[in-house]
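The primary structure of each chain is shown beneath.
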Amino acid sequence: MNTPHASMTIGAVAKRAGVAIDTIRYYEREGLLPEPLRRASGYRSYDEGVVQQLLFIRRAKDLGFTLEEIRELLALSADRHRGVKAVKHRAQERLAAIEARIAELTRVRDGLEQLIDACPGHGSPEQCPILRALTGQEPQA
C-alpha cells in the first residue's frame, strides 16, 4: 500500500508514471524533479509526489509546453497568490503559438496540394511542377 511517504524505487516510479527510468534521471538533472532521497544502500528513494510531478510534466508536454515552460509552470503552481493568473497567461501564450503553427502548416498543406494538382504524374523530371518548385524554378506555362 502506498502512503504519501511510501518509499519507491526509480523503477516503480517509472512504471507508475509511464516514463522511462532515463527520463526520470534526465528530469532530475534538468531540475524539473527534486533530487531524490538516498537509501543507506545508495539507491534513490521516491514518494508519491514524484509520480504526480511526472504525470504533470507528461500532460504539459502533451499540451505542447516546452521543458522550460514546464519548469515555470511547476514553480507557478506553488505560488498561492499570483500562480493561477500566470499559469493562465502561459497557457494563452502556448495556445497562440499552436494557432500560429497550425496556420503555417495550413499554408504549407495548401501549397503542396496545388503542386500535386498541377503535376500530371508522368513526363520528364524537368517538366514536373513539384521538382521545379523545389529547385526554385518558375512554373512553365
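Values in this document were obtained by computation on a predicted structure and should not be read as measured data.

Mapped onto the elements, E28 comes out in helix α2 (residues 21-29). Note on E28: relative accessible area 6%, which makes it buried. A distance of 3.1 Å separates the side chain of E28 from the side chain of R44, its partner in a polar contact. Discounting residues that sit within four places of it in the chain, E28 has contacts with L33, P34, E35, P36, R44 and Y46.

Two side chains with opposite charge may pair up if their charged atoms get near one another. Summed over all chains, the structure comprises 8 salt bridges. Ionic pairing is found between D22 and R25, a salt bridge with its closest N-O pair at 3.5 Å. Taken together, the residues D22 and R25, both in helix α2 and 3 residues apart, mark about one turn of the helix. Residue classification places D22 among the exposed positions, given a relative accessible area of 55%.

This paragraph deals with helix α4 (residues 67-77). Residues three or four positions apart in an α-helix share a direction because the helix packs 3.6 residues into each turn. Within α4, burial applies to I70, L73, L74 and L76. Seen end-on, α4 carries its buried residues on one side only, within an arc spanning 165 degrees.

Before going further, it helps to examine the packing of helix α3 (residues 48-62) against α4. For the pair α3 and α4, interaxial distance at closest approach is 10 Å and the crossing angle is 130 degrees. Considering their axes alone, α3 and α4 lie oblique with respect to each other. Between α3 and α4 lies a crossing whose hand is right-handed. Seen from α3, the contacting residues are Q53, F56, I57, A60 and K61; seen from α4, they are L67, I70, L73 and L74. Tallied by class, residues from the contact of α3 with α4 come to 7 nonpolar, 1 polar and 1 charged.

The next thing to look at is the packing of aromatic side chains. Scanning all chains against the criterion turns up 1 aromatic pair. Judged by centre distance (6.0 Å) and plane angle (50 degrees), the rings of Y26 and Y27 are tilted. The class for Y26 is partly exposed, based on a relative accessible area of 32%.

With that settled, consider the side chain of R94. Take R94: it is sitting in helix α5 (residues 83-118). Aside from chain neighbours lying at most four places away, what touches R94 is L63, G64, F65, T66 and E69.

Moving on to the nonpolar core. With 21 residues, the main nonpolar core has V13, I24, L33, L54, I57 and I70 as its most contacted residues. Secondary structure elements with two or more residues in this core: α1 (10-17), α2, α3 and α4. When near neighbours in sequence (up to four residues on either side) are disregarded, L54 contacts V13, A17, V19, I24, Y27 and L33.

Calculation criteria
Residues numbered from 1 in each chain as written. Predicted model: local features only at pLDDT ≥ 70, side-chain atom pairs only at ≥ 80, totals over all residues. Heavy atoms only, no water. Helix = DSSP H or I, 4+ residues; strand = E, 2+ residues; numbered from the N terminus. Buried < 20%, exposed > 50% of the residue type's maximum accessible area, 1.4 Å probe, protein only. Polar contact = N/O pair within 3.5 Å; in protein donor to acceptor, adjacent residues only side chain to side chain. Contact = heavy atoms within 4.5 Å. Salt bridge = Lys/Arg side-chain N within 4 Å of Asp/Glu carboxyl O. Arc of directions from axis to C-beta. Axes fitted to C-alpha atoms, helices over the stretch in contact; angles between N-to-C directions. Parallel < 35°, antiparallel > 145°, perpendicular 65-115°, else oblique. Left-handed = near helix turned anticlockwise from the far one by under 90°. Nonpolar A, V, L, I, M, F, W, Y, C, P; charged D, E, K, R; others polar. Phe/Tyr/Trp six-rings, centres within 6.5 Å; stacked < 30°, edge-to-face > 60°. Core = buried A, V, L, I, M, F, W, Y, C linked by side-chain atoms within 4.5 Å.

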